[in-house]
Amino acid sequence: MTKKLRPGVVTGEEYLTLLAACKEGGYALPAVNIVGTNSLNAVLETAAKAKSDVIIQLSNGGARFYAGEGAPDAHRARVLGATSAAQHVHLLAAEYGVCVIMHTDHANRKLVPWVEGLIEKSEEHFKKTGKPLFSSHMLDLSSEPLEQNLDECARVLKRLAPLGMSLEIELGVTGGEEDGIGHELKEGDADADNAHLYTQPKDVLAAYDRLNDIGHFTVAASFGNVHGVYAPGNVKLRPEILKNSQKLISEVRGGGDKPLSLVFHGGSGTATHLIQEAVSYGVFKMNIDTDMQFAFAHAIAGNMEANPRAFKYQVDPDNAKPYKSTYDPRKWLRVGELGVVARLEEAIADLGSKGKSLAAA
Ligand SMILES: [Zn+2]
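Parameters at a glance
- Residues numbered from 1 in each chain as written.
- Predicted model: local features only at pLDDT ≥ 70, side-chain atom pairs only at ≥ 80, totals over all residues.
- Axes fitted to C-alpha atoms, helices over the stretch in contact; angles between N-to-C directions.
- Helix = DSSP H or I, 4+ residues; strand = E, 2+ residues; numbered from the N terminus.
- Parallel < 35°, antiparallel > 145°, perpendicular 65-115°, else oblique.
- Contact = placed C-beta atoms within 7 Å.
- Nonpolar A, V, L, I, M, F, W, Y, C, P; charged D, E, K, R; others polar.
- Buried ≥ 20, exposed ≤ 12 C-beta atoms within 10 Å, placed from the backbone.
- Right-handed = clockwise from strand over helix to strand, strands pointing away.
- Expected span 1.5 Å × (residues − 1).
- Bend = angle between axes of the 7 residues up to and from the residue.

Structural notes on the packing of helix H3 (residues 60-67) against helix H4 (residues 74-96)
Axis separation between H3 and H4 bottoms out at 7 Å; the angle between their running directions is 85 degrees. The orientation of H3 relative to H4 falls into the category roughly perpendicular. Facing Asn 60, Ala 63, Arg 64, Phe 65, Tyr 66 and Ala 67 of H3, the residues of H4 in contact are Ala 74, Ala 77, Arg 78, Leu 80, Gly 81, Ala 82, Ser 84 and Ala 85. Residue composition of the contact of H3 with H4, by class: nine nonpolar, three polar and two charged.

Details of the pairing of strand E3 (residues 54-58)
Counting buried positions over the five residues of E3 gives five, a clear majority of the element. Because side chains alternate across E3, one face comprises the buried residues Val 54, Ile 56 and Leu 58, and the other comprises Ile 55 and Gln 57, equally buried. Each parallel crossover has a hand, and the one from strand E2 (residues 29-33) via helix H2 (residues 37-50) to E3 is right-handed.

Observations regarding unusual backbone geometry
Non-glycine residue Lys 51 carries a positive phi angle of around 50 degrees. Mapped onto the elements, Lys 51 comes out in the loop between H2 and E3. Judged by the 16 C-beta atoms lying within 10 Å of it, Lys 51 falls in the partly exposed class. One non-glycine residue, Ala 320, lies in the positive phi region at around 65 degrees. Along the chain, the position of Ala 320 falls in the loop between helix H10 (289-306) and helix H11 (324-327). Ala 320 gets classed as exposed once you count the C-beta atoms within 10 Å, which come to 7.

What about H4?
Compared with an ideal rise of 1.5 Å per residue, which puts 23 residues at 33 Å, H4 spans 32 Å between its outermost C-alpha atoms and is within 8% of the ideal. The largest bend along H4 measures about 30 degrees and falls at His 90. Listing the buried residues of H4 in full gives Ala 77, Arg 78, Val 79, Leu 80, Gly 81, Ala 82, Thr 83, Ala 85, Ala 86, Val 89, Ala 93 and Tyr 96. Tucked into the core, H4 has its buried residues touching strand E1 (8-9), H2, E3, H3, strand E4 (99-104) and helix H5 (112-129). Just downstream of H4 lies Gly 97, where phi reads positive at about 75 degrees.

Encoded structure:
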């Protein structure tokens, strides 16, 4: 039986225990990009309801939004916003009784200082509590030559490892765009030997050899996955690419049949059988930002369409009806939260993590 963990943010050995449980149990955790307490609390609520552990992450834009679009210094706002969200999760996750991996999403070369600002916050937190603020960060230098990508990942991982933190790297480019970082799809992208949209196992081996002795890392591999949701048919999803990378590392370096911990970006809009196939090849994390954004907005739009006069008048001019109880932000924001809960419950079912929380009761 898998060891139980204290509920809350998991780092270090606890993080590794949770990853191992995912891979051994053949399930993955949803990773949701949150932008404020509404989306964040809705994720905790769903995780508690479904008894699933969960990954909470912020993009650089989400972190900036969390601190407030009016905060004058964008760099400081990105650091402080993500720090504030992490502190919120440290305070509340245990209350919801689930384990949370606290993470940040894509950071390209320009955003490395953002990640380093957050590492400083984790170093301070580690000095005080023995735990970092975040479980892991991502560097996405996939648009650079492999050597440069790995040099920088190695440099950052050297700072993360002593804190018990992991690094997510990207090899090959996820199609589409995430918060201004991304790759526009072009004709010919769907060819299987396209090294951009389909991660090559030899590149994964190079990453393994460069990083494995430094610290723990995970790989966002490209197998035709695309950020955002588009009409189908643009790019073919080839989960077998994940299997090929696992097989190569396993054969030449050992570590069992799934030595790599893989991350599935652009999970929104993906058919359940393809999600499950990807998970069977060692995916422990699937990002589902776009579908969550739509679930939140769609639920609120439905509520507003059902009560149009309440969002136009404080008191109805025709019948003097006061609408305070409908336009109160808690009412319609809560509707949005429930939209997130419903969609995330589906994702948790697709990923097989329902009922699998390692959090001790
Ligand atoms: Zn992504």
